[in-house]
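These are the residues of each chain, in order.
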Amino acid sequence: MTSDLPNSLAARIPRHVAVIMDGNGRWAKQRLQPRAFGHQAGVRSARRIVRACYERGVEVLTLFAFSQENWQRPLTEVELLIRLFVQTLKREIKSLHKNRVRIRFIGNHHDFPEALRTMMADGEALTAANDGLTLVVAVGYGGQWDIAQAAQSLCRDGLAITPEAIEARLAVADLPHPDLLIRTGGEKRLSNFLMWQLAYTELYLVETLWPDFDATAFDGALAWYAGRQRRFGRVPEAG
Ligand code: IPE
Ligand code: IPE
Ligand code: MG
């Protein structure tokens, strides 16, 4: 359903949008509130963007929820983030399912509590047959880990390490690479997100803090993307 966007825009909707949801802490600080307050607002923002994606006909949305490096934050913040993740998953899974969203989790989940791993597996199983938006949640994820685990699995099987072979064993091997990366919060870096898959992604880096990034801001990103000329190393097409 792309009816509320001009035709020219609707025609150039990215198939896959990836988002580094950054700036929750600073958003809370601006309001003289603890970081937890910002993370709670961040969840509400994520919910808005998921909805915007399925309303606009985006096929895949990947959200960076927790990086491998985020384990190095103070234990209280790590625990809060995990708790928020569990609560949100519990609360939202039914409504995601109802809206035909297929959910996937990527990352190094080796050290995650068993109960959480089961919850993620259950959410994936429940929504596996859905034909709407594919929502990929990167949690405990690192781009370098992803490439390394793909290479390790090829080594284990005694196979040659080629770009195609690595590609086939990445955490989201069956999905198209992101067309558009949105990073909120003003930083101009990838912070070990989808290092391999972002090779030719259009980068939209904005100052807006994640809790302030609403559907209008998202449409701004889509409009910007619609104006990009993607060349993939080639020369522009004639005409
Ligand atoms: C992003 O917001 C959320 C996570 C990394 C989990 P931050 O917590 O990084 O917020 P800032 O960057 O400190 O403002
Ligand atoms: C990136 O944000 C990770 C997520 C949004 C989950 P960070 O706040 O962790 O990134 P750095 O540390 O500023 O690079
Ligand atoms: Mg940050």
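Residues numbered from 1 in each chain as written. Chains lettered and ligands numbered in written order. Predicted model: local features only at pLDDT ≥ 70, side-chain atom pairs only at ≥ 80, totals over all residues. Heavy atoms only, no water.

Student: Lay out the nonpolar core in plain terms, naming residues and giving numbers.
Tutor: Residues Leu61, Leu135, Ile182 and Phe218 are the most contacted members of the largest nonpolar core, which totals 42 residues. The leading source of residues in this core is helix H4 (residues 75-98), at 8 residues. Judged by nonpolar contacts, the second largest core, of 14 residues, contains Ala18, Val136, Ala138 and Tyr141. (Core = buried A, V, L, I, M, F, W, Y, C linked by side-chain atoms within 4.5 Å. Buried < 20%, exposed > 50% of the residue type's maximum accessible area, 1.4 Å probe, protein only. Helix = DSSP H or I, 4+ residues; strand = E, 2+ residues; numbered from the N terminus.)

Student: Hey, could you go over unusual backbone geometry for me, with residue numbers and the actual values?
Tutor: Phi at Ser191 is positive, roughly 45 degrees, even though this residue is not glycine. For Ser191, the location among the structural elements is in the loop between strand S5 (180-183) and strand S6 (202-205). Look at Asn192: it is not a glycine, yet its phi comes out positive at around 60 degrees. The residue Asn192 is located in the loop between S5 and S6 in this model.

Student: Summarise the packing of aromatic side chains; cite the residues concerned and give the values.
Tutor: Here a ring pair, both rings aromatic, is described through the centre-centre distance and the interplanar angle of the planes. Within this structure, the stated rule accounts for 11 aromatic pairs. Between Tyr200 and Phe232 the ring centres are 5.4 Å apart and the planes differ by 50 degrees, which places this aromatic pair in the tilted class. Taken together, the residues span a long stretch of sequence, with Tyr200 in the loop between S5 and S6 and Phe232 in the segment after helix H8 (215-226) at a distance of 32 residues. By relative accessible area, which is 47% here, Tyr200 ends up partly exposed. (Phe/Tyr/Trp six-rings, centres within 6.5 Å; stacked < 30°, edge-to-face > 60°.)

Student: Talk me through the pairing of strand S2 (residues 60-67); I want residue IDs and the actual numbers.
Tutor: One face of the sheet, then the other: side chains in a regular strand alternate in exactly this way. The buried fraction of S2 is high, at 7 of 8 residues. Direction of pairing for strand S1 (residues 16-20) relative to S2: parallel, over a ladder of 5 bridges. Looking at the pairing, His16 lines up with Val60 of S2. Where S2 lies against strand S4 (residues 134-141), 7 bridges are found, and the strand directions are parallel. Opposite Thr62, over in S4, you have Val136 as the bridge partner. (Pairing = 2+ DSSP bridges.)

Student: Explain H8 to me, and be specific about the residues and the numbers.
Tutor: For H8, with 12 residues, the first-to-last C-alpha span of 16 Å sits near the 16 Å given by 1.5 Å per residue. Residues Phe218, Ala221, Leu222, Tyr225 and Ala226 constitute the buried set of H8. The buried residues of H8 occupy an angular sector of 140 degrees when the element is viewed end-on, so they sit on one face. (Expected span 1.5 Å × (residues − 1). Arc of directions from axis to C-beta.)

Student: Any details on the side chain of His16? Residues and values, ideally.
Tutor: Tracing the sequence through the fold places His16 in strand S1. A polar atom in the side chain of His16 sits 2.7 Å from the side chain of Thr62. Engagement of the side chain of His16 in a polar contact is seen with the backbone oxygen of Pro176, the distance being 2.7 Å. His16 has contacts with Val60, Thr62, Pro176, His177, Pro178, Asp179 and Leu180, leaving out every residue within four places of it along the chain. (Polar contact = N/O pair within 3.5 Å; in protein donor to acceptor, adjacent residues only side chain to side chain. Contact = heavy atoms within 4.5 Å.)

Student: Describe the site of ligand 2, with residues and values.
Tutor: The environment of ligand 2 is formed by Ile20, Met21, Asp22, Phe64, Ala65, Phe66, Ser67, Asn70, Arg73, Arg183, Arg189 and Ser191. Interatomic distance of 2.9 Å between a side-chain N/O atom of Asn70 and an oxygen atom of ligand 2. In the model, an oxygen atom of ligand 2 is placed 2.7 Å from a nitrogen or oxygen of the Arg189 side chain. Of all the elements, S2 adds the most residues to the shell around ligand 2, at 4 residues. Looking at the shell around ligand 2 residue by residue, the classes come out as 5 nonpolar, 3 polar and 4 charged. (Near = heavy atom within 4 Å. Nonpolar A, V, L, I, M, F, W, Y, C, P; charged D, E, K, R; others polar.)

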